[in-house]
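Structure at a glance
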Amino acid sequence: MESFASVQEALEKKQGGFRLRGWVYRHRVTKNAVFVLLRDSTGVIQCVFKPDNPDFQKASDLYIESSVIIEGEVRPDERAPGGAELKAEKLEVVCNREPFVITKDQSTEFLMDVRHLSVRAQKITRAMIAREKMMKYFREFFEKEGFHEVFPPIFTVAGAEGGATLFEVPYFGKKVYLSQSAQLYLEALIFSLEKVYSLTPSFRAEKSHTSKHLTEYWHLEAEMAWWDQEKNMDFQERMISYVCQKMAENEKALLEYFGRDPADLKKVEPPFPRMSYDEAIEELQKKGFDIEYGDDPGAPHEEALTKDLDKPLFIHSFPEDMKAFYMQPDEKNPGKVKAADMLAPKGHGEIIGGSERIWDKDLLEKKIKEFGLDPKAYEWYVDLRRYGSVPHSGFGLGTERTLKWILDLPHIRDVVPFPRTVNRYYP
Ligand code: 4AD
Ligand code: MG
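First things first, this report covers the structure right here in the doc.

A closer look at the overall build of the protein chain
Secondary structure summary: the protein chain contains 14 helices and 16 strands in total. Structurally, the protein chain occupies a C-alpha span of about 85 × 50 × 45 Å along its principal axes. Taking all 427 residues of the protein chain together, the buried fraction comes to 50%. For the protein chain, the exposed area adds up to about 21100 Å²; of that, 51% sits on carbon and sulfur atoms. In the protein chain, 61 side chains carry a positive charge and 71 a negative one; their mean positions are 5 Å apart.

Given below as structure tokens:
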């Protein structure tokens, strides 16, 4: 049994009989031939049935997405999709029950209702492969830099990113929350492993109907003992650049399928531009936006700041009360914290949020109170500041948003097989 990629390889060596398994991707019946474009996980190949073939009628009756096994001779054909054509001799039908529900020009809503079937489309298939490759390069980078991969929990007792977006779950008569971020647990693990990262689902009960928000997403997070915010940002820059360079060098065909020029990703090299929160507000006011000091920049602002950039932009030094309770105040910059968001170019939005963490017990307890959080839920987290506390930093990256930018796609659902959003949890 050959896959289509191996057909290509075999063709270089010989021509001859093949037995191919796959699904009917396209189907065209004429008087003189039935053309079946067969797909498997490696690609597509055109199979031709002539009227003198005993299986000609069976081939004419095939539905799109039927599963079949086709035997025949393969010959190279420049004009055929996939560069080869199979002259079919025998057709074995595995399943040909009903006409496929998906036809041309159906609404996005319908395609999402039948996502379990529309995931077979080339676009999402290739996005899944691109995601797999991208994650491989992230992991490669962490490994090169001496990080340990760790596996934190999903049931948690407290949020890292504010109560408003927590999903509550009943837990044997008590209630727990789905994790918003592994950060607090990664902080516990730096005391044994020093440099750790994790890839976990994160959950946000955000009622945001945008092209960038999911209620469930895969979060790549890292935490580093002894590192300050400067080192943290330098690392993020090198990491994003490493992944972009690898995608541009090794995944050209995938990028080009999405109309993305690999040369553009090649430009993503350190240093990335940096702008303080104050500078960002000033810049936005200059551009005519009605925004004031203390406002959180939204999508149109992010778009305005990044639309002409080739590389991501760091916005740093946010006002203390705008961000999370655990961020280290900047002694040289009163009222500000040592935190930065990384915004992807061309309005793709925030892909990374990171900061230096408060490592002094008294200050952390003060901040927990000021933010109106329940001290009981954070007792264990405060404990980390009692025994051998050290300065440390970390960040979290949204993998779907990052891929959306790398492939330059308009919507986050384009890179997710089964997106979870406010209105969508089926199938
Ligand atoms: O900026 P956030 O909320 O930061 C944290 O959760 C930190 N505790 C991470 C850390 O320091 N370990 O989220 C981090 C990133 C965002 O920059 C964004 O890319 C992504 O997670 N993200 C989302 N992606 C998709 N849908 C959502 N609703 C998202 N919310 C955040
Ligand atoms: Mg953020």
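Don't stop here, the text continues.
Structural notes on the site of ligand 1
Taken together, 21 residues are adjacent to ligand 1, and E161, Q183, R204, E221 and E350 come closest. One of the side-chain nitrogen or oxygen atoms of Y217 is found 3.1 Å away from an oxygen atom of ligand 1. Side-chain polar atom of E221 to a nitrogen atom of ligand 1: 2.8 Å apart, as the coordinates give it. Only β11 (216–225), β15 (349–357) and β16 (392–398) provide two or more residues apiece to the shell around ligand 1. Among the elements that line the shell around ligand 1, the one with the most residues is β15, at five residues. Looking at the shell around ligand 1 residue by residue, the classes come out as six nonpolar, seven polar and eight charged.

Concerning the layout of surface pockets
Here the second largest pocket is characterised by a volume of approximately 860 Å³. Lining the second largest pocket are 24 residues, with I102, T103, L111, A121 and Q122 positioned closest to its centre. Contributions of two or more residues to the lining of the second largest pocket are made by β1 (16–29), α3 (108–113), α4 (115–118) and α5 (122–144). Considering only residue class, the lining of the second largest pocket consists of nine nonpolar, six polar and nine charged.

Some remarks on unusual backbone geometry
Here P270 and P271 are connected by a cis peptide whose omega angle stands at 0°. Tracing the chain through its elements places P271 in the loop between α9 (262–266) and β12 (274–276). Following Y426, the chain continues to P427 via a peptide bond in cis, the omega torsion being -5°. Positive phi outside glycine occurs at D105, with the angle close to 60°.

Some words on empty space enclosed by the protein
One simple way to see leftover space: roll a probe sized like a water molecule over the atoms. This model, assessed by the stated rule, comprises one cavity of 30 Å³ or more. Taken together, the residues of the lining of the largest cavity break down into nine nonpolar, five polar and no charged.

Some points on the sheet that holds strand β9 (residues 174–178)
The antiparallel open sheet is built from three strands, whose spatial order is β7-β9-β8. Each edge of the open sheet is held by one strand with a lone partner, namely β7 (155–156) and β8 (168–171). Pairing of β8 with β9, which is carried by four bridges, proceeds in the antiparallel orientation. Across the sheet, residue Y171 finds its bridge partner in β9, namely K174.

Parameters and conventions
- Residues numbered from 1 in each chain as written.
- Chains lettered and ligands numbered in written order.
- Predicted model: local features only at pLDDT ≥ 70, side-chain atom pairs only at ≥ 80, totals over all residues.
- Heavy atoms only, no water.
- Helix = DSSP H or I, 4+ residues; strand = E, 2+ residues; numbered from the N terminus.
- Buried < 20%, exposed > 50% of the residue type's maximum accessible area, 1.4 Å probe, protein only.
- Areas by Shrake-Rupley, 256 points an atom, 1.4 Å probe, with all protein chains shown as cover.
- Lys, Arg positive; Asp, Glu negative; His and termini not counted.
- Charge placed at Lys NZ, Arg CZ, Asp CG, Glu CD.
- Near = heavy atom within 4 Å.
- Polar contact = N/O pair within 3.5 Å; in protein donor to acceptor, adjacent residues only side chain to side chain.
- Nonpolar A, V, L, I, M, F, W, Y, C, P; charged D, E, K, R; others polar.
- 1 Å grid on protein atoms, 1.4 Å probe; cavity = no way out; pocket = protein on both sides within 12 Å on 5 of 7 lines; lining within 4 Å.
- Points joined across faces, edges and corners; volume = space filled by probe spheres on them.
- Pairing = 2+ DSSP bridges.

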